[in-house]
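Residue-level listing of the chains:
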Amino acid sequence: MSGDPLLRVEGLRMHFFTKAGVVKAVDDVSFSVGRGEILGLVGESGSGKSMTGYSILGLIDPPGRIVDGRIDFDGIDLTRLDAAAWRAIRGNRIAMIFQDPMMTLNPVLRIDTQIIEAVQAHADVSRESAIARAREALVRVGIASPDERLRAYPHQFSGGMRQRVAIAIALVNGPDLIIADEPTTALDVTIQGQILFEMQKVCRESGTALIWITHDLSVIAGLADEVCVMYAGRFVESGTVADILDRPLHPYSRGLIDSVPSRNERGRPLRQIPGMTPSLLSLGPGCPFRERCTSASPRCVESPDVTEPSPGRRLRCFHPSA
Amino acid sequence: MLAYAIRRFGQSFFVLVLMSFLVFVGVYAIGNPVELLVNPQADDAERIRATAALGLDKAFLEQYWVFLKGAASGDLGRSFVYNVPALSLILDKLPATIELAFVAMVIAIALGIPLGLVAGLKPDSILGRGIMAGSILGFSLPTFWVGLVLIMVFSVQLGWLPSNGRGETVTVAGVPLSFLTADGLLHLAMPAVNLALFKLSLLIRLTRAGTREAVLQDYVKFARAKGLTQGRVIGVHVLKNILIPIVTVIGLELGSVIAFAIVTESIFAWPGTGKLLIDSINQLDRPVIVAYLLVIVTLFIFINFVVDVLYSMLDPRVRLGGAASH
Ligand SMILES: Nc1ncnc2c1ncn2[C@@H]1O[C@H](COP(=O)(O)OP(=O)(O)OP(=O)(O)O)[C@@H](O)[C@H]1O
Ligand code: SF4
Ligand SMILES: [Mg+2]
């Protein structure tokens, strides 16, 4: 990997200013994604993965606000863009796919309308050539008889099919980066595998970078180049997929890996991380993981800084496991 | 679609017959019209003659049977008071009522949907709160009171608007219409606003609730993630979804606006069916009451049918008459 990465998120903070208090949904998160690379963004439910993705696209609604940090995308700081400039990037250079395919397509609009509008939002092309692109995108994600499918409504599709359509919409403008927010969690296992495989293939073919958001480390293993782990809105550790899976340094990543059923240690009882994710509302200073951490020491009431134990590896912990 | 229409027609027919029976029982119970119709000095012989002439000497079921036979050939009886066919009396007055209801509904829709959208998109803004406060007022102030205040202010104090009648009309295809003349429009303004107020408040709330729900949906976020303009996200993705319940309610309310224009028509002396009904009830003019209610029910049925068709056009998940028809 040479040159600047495609996307570099640096010290991102996104807070919700609610009546009950400030919810620090994303609190100092940094990672980068190279061109054509796949980054796995991992963490438990509520750790701020989706909000990180929405922040990159400028889709945060009040009372949420990006309060600090940079999002450098191909030399542009996205956090400084006005609404129109951000809109020109959304769906064009950065696309997003959501978790629940039953909810992402508009139920009252035909598939062709929903793809064509995505094309025409960014390119001044005729309806015919927009349809041609739509057809092409559907074929790429493995949808047979695209012409017939284009005239259908979402309710005439299965969940897996709908997710394919959503992926086709994300691909249709040839983006540099796709943010996939747990796009297979709502699907059954065989379909999950197919979609995962196709997504990977299409991205490799077109050189599209991918941020794959998931809470499931086993999905990441065969997919990602790099992994970034989040906990309670904070960056925890990052590195190559081999580094993280084989030599996790942070106690939380280690706990996550130990709770995945593994291939070569059959019969070993699964270990669960004890305790629960803390409420983001009452989160004070210090390492947010310390209540559940087996390596915690008195020092952990302070916040650890991000360190770089080896090149390309970043970590936020006072007592990394060797 | 055809099978659906036929089934619908059958159901409607049944509703009409049932309705006519209930109405018949009802008006039978409210009193003997002969007492009001004949001269108080008249002797018994004359009363008996009058009773027989109106067909009121027959048993209840026989009267109903005579009515049904007449109804089958389009005859809903003759007005006791005016001695003309009850149906033609109503059809004479119906255009005025429909015009009033229609203009009121247009006002309610043209203002209610945009205001509801604004209130739904910016619920915490001053404008959003103001719109909601206004709609609460529109809901809770009684129609007749608002009507009287309107007359006090715009007719009595300011002298800007006339307070009764239809004003000048133009006859289009045999139907007199007020909204095509300047004078007619002046006459329409207050009664239409008065009648619209409640529906306007209803539409504001409905649109606002629908908008607030829709903007949280993933498909809206996904539409924004495509880089669509705010106008397209709201105008197409949000509006098309919230329009489904709104069209249903508009349809149902259009029926009730026609049926319940009575209060407004009485206040502004609008010569429509509502006023006719009140007069007929006072004079126990049974055939007119029965005919009025049947006409209104028929209108309701027709409007519901149109709403169902519109609904199926708006919502692709609904197909009339089962899965086969595309
Ligand atoms: N509108 C809001 N107001 C206040 N807090 C919010 C709001 N939306 C989200 N949050 C909080 O932000 C935090 C991060 O949410 P996020 O959806 O990013 O989690 P996630 O990692 O994607 O989890 P999941 O795996 O469940 O999707 C959550 O704790 C949530 O409670
Ligand atoms: S900083 Fe301390 S509490 Fe936090 S993960 Fe590391 S050892 Fe555990
Ligand atoms: Mg999420």
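Scroll up to find the structure.
Just so it is clear, the model here is predicted, and its values are computed rather than measured.

Asks: Requested: an account of the interface of chain B and chain A, with residues and values cited.
Replies: With 22 residues of chain B in contact, the opposing surface of chain A contributes 30 residues. Together, the buried faces of chain B and chain A total about 2,300 Å²; carbon and sulfur atoms form 59% of this surface. Broken down residue by residue, the surface that chain B buries against chain A is led by Lys 221, Phe 222 and Lys 226 of chain B, which jointly contribute 28%. Linking chain B with chain A are 4 salt bridges. With a shortest N-O distance of 2.7 Å, Glu 117 of chain A and Lys 226 of chain B are connected by a salt bridge. The tally of links between chain B and chain A comes to 12 residue pairs in polar contact (both at pLDDT 80 or more).

Asks: Provide a residue-level description of the layout of surface pockets, including the pertinent values.
Replies: Over the atoms a probe the size of a water molecule is rolled, and this reveals where empty space is left. Residue and element names in this part refer to chain B. Each pocket or cavity is described by its volume, and for the largest pocket that value is around 1,100 Å³. Per element, the largest residue contribution to the lining of the largest pocket is 4 residues, and it comes from helix H9 (residues 218–225). In terms of residue class, the lining of the largest pocket is made up of 15 nonpolar, 7 polar and 11 charged.

Asks: So what's going on with the pattern of salt bridges? Which residues, and what values?
Replies: Residues and elements named next belong to chain A. For the coordinates displayed, the defined rule picks out 29 salt bridges over all chains. Note that Asp 112 and Arg 110 form a salt bridge whose closest N and O atoms lie 2.7 Å from each other. In this structure, Arg 247 engages Asp 243 in a salt bridge whose closest nitrogen and oxygen atoms are separated by 2.7 Å. A single salt-bridge network, built from bridges that share partners, covers Arg 13, Asp 27, Asp 28, Asp 68, Arg 234 and Arg 316.

Asks: Provide a residue-level description of the side chain of Thr 207 of chain B, including the pertinent values.
Replies: Structurally, the position occupied by Thr 207 of chain B is in helix H8 (residues 182–214). Judged by its relative accessible area of 0%, Thr 207 of chain B falls in the buried class.

Asks: Explain the nonpolar core to me, using residue names and the numbers behind them.
Replies: All names here are of chain A. Core analysis: the largest hydrophobic core is formed by 96 residues, its most contacted members being Leu 7, Phe 31, Ile 56, Ile 94, Ile 211 and Trp 212. Sort the elements by how many residues they give to this core and helix H7 (residues 159–171) lands first, with 8 residues. Leu 7 has contacts with Phe 31, Ser 32, Val 33, Ile 56, Ile 71, Asp 72, Phe 73, Leu 177 and Ile 211, leaving out every residue within four places of it along the chain.

Asks: An account of unusual backbone geometry is needed here, citing residue identities and associated values.
Replies: Residue and element names in this part refer to chain A. Pro 62 connects to Pro 63 through a cis peptide bond whose omega is 5 degrees. Position of Pro 63 relative to the elements: it lies in the loop between helix H1 (49–57) and strand S4 (64–73). Not every positive phi belongs to a glycine, and Asp 74 is a case in point at roughly 50 degrees. Counting through the fold element by element, Asp 74 comes out in the loop between S4 and strand S5 (76–77). Phi at Glu 182 takes a positive value of approximately 45 degrees, unusual for a residue other than glycine. Inspection of the secondary structure puts Glu 182 in the loop between strand S7 (177–181) and helix H8 (189–206).

Asks: Tell me about the pairing of strand S9 (residues 226–231) of chain A, and please be specific about residues and values.
Replies: All names here are of chain A. S9 sits mainly inside the fold: 5 of its 6 residues count as buried. Of the strand pairs in this sheet, S9 and strand S10 (residues 234–240) are connected by 6 bridges, and their pairing is antiparallel. Following the sheet pairing, Cys 228 is matched in S10 by Ser 238. Following S9, the chain reverses through 2 residues before pairing antiparallel with S10; Ala 232 in that reversal takes a positive phi of roughly 45 degrees.

Asks: Any chance you could break down the packing of aromatic side chains for me, citing the residues and the numbers?
Replies: According to the stated counting rule, one finds 11 aromatic pairs over all chains in the structure shown. For the pair Phe 98 of chain A and Phe 222 of chain B, a centre-to-centre distance of 5.8 Å together with 70 degrees between the ring planes defines the contact as edge-to-face. Here the residue Phe 98 of chain A occupies a position in the loop between strand S6 (94–97) and helix H3 (101–104), and Phe 222 of chain B occupies one in helix H9, the pair thus bridging two chains. In this structure Phe 98 of chain A comes out as buried when scored by relative accessible area, which is 2%. Taking relative accessible area as the criterion, Phe 222 of chain B reaches 3% and is therefore assigned buried. Taking 5.2 Å as the distance between ring centres and 40 degrees as the angle between the ring planes, the aromatic pair formed by Phe 24 of chain B and Phe 67 of chain B counts as tilted.

Cut-off values and rules
- Residues numbered from 1 in each chain as written.
- Chains lettered and ligands numbered in written order.
- Predicted model: local features only at pLDDT ≥ 70, side-chain atom pairs only at ≥ 80, totals over all residues.
- Heavy atoms only, no water.
- Contact = heavy atoms within 4.5 Å.
- Buried area = accessible area lost by both parts, 1.4 Å probe.
- Salt bridge = Lys/Arg side-chain N within 4 Å of Asp/Glu carboxyl O.
- Polar contact = N/O pair within 3.5 Å; in protein donor to acceptor, adjacent residues only side chain to side chain.
- 1 Å grid on protein atoms, 1.4 Å probe; cavity = no way out; pocket = protein on both sides within 12 Å on 5 of 7 lines; lining within 4 Å.
- Points joined across faces, edges and corners; volume = space filled by probe spheres on them.
- Helix = DSSP H or I, 4+ residues; strand = E, 2+ residues; numbered from the N terminus.
- Nonpolar A, V, L, I, M, F, W, Y, C, P; charged D, E, K, R; others polar.
- Buried < 20%, exposed > 50% of the residue type's maximum accessible area, 1.4 Å probe, protein only.
- Core = buried A, V, L, I, M, F, W, Y, C linked by side-chain atoms within 4.5 Å.
- Pairing = 2+ DSSP bridges.
- Phe/Tyr/Trp six-rings, centres within 6.5 Å; stacked < 30°, edge-to-face > 60°.

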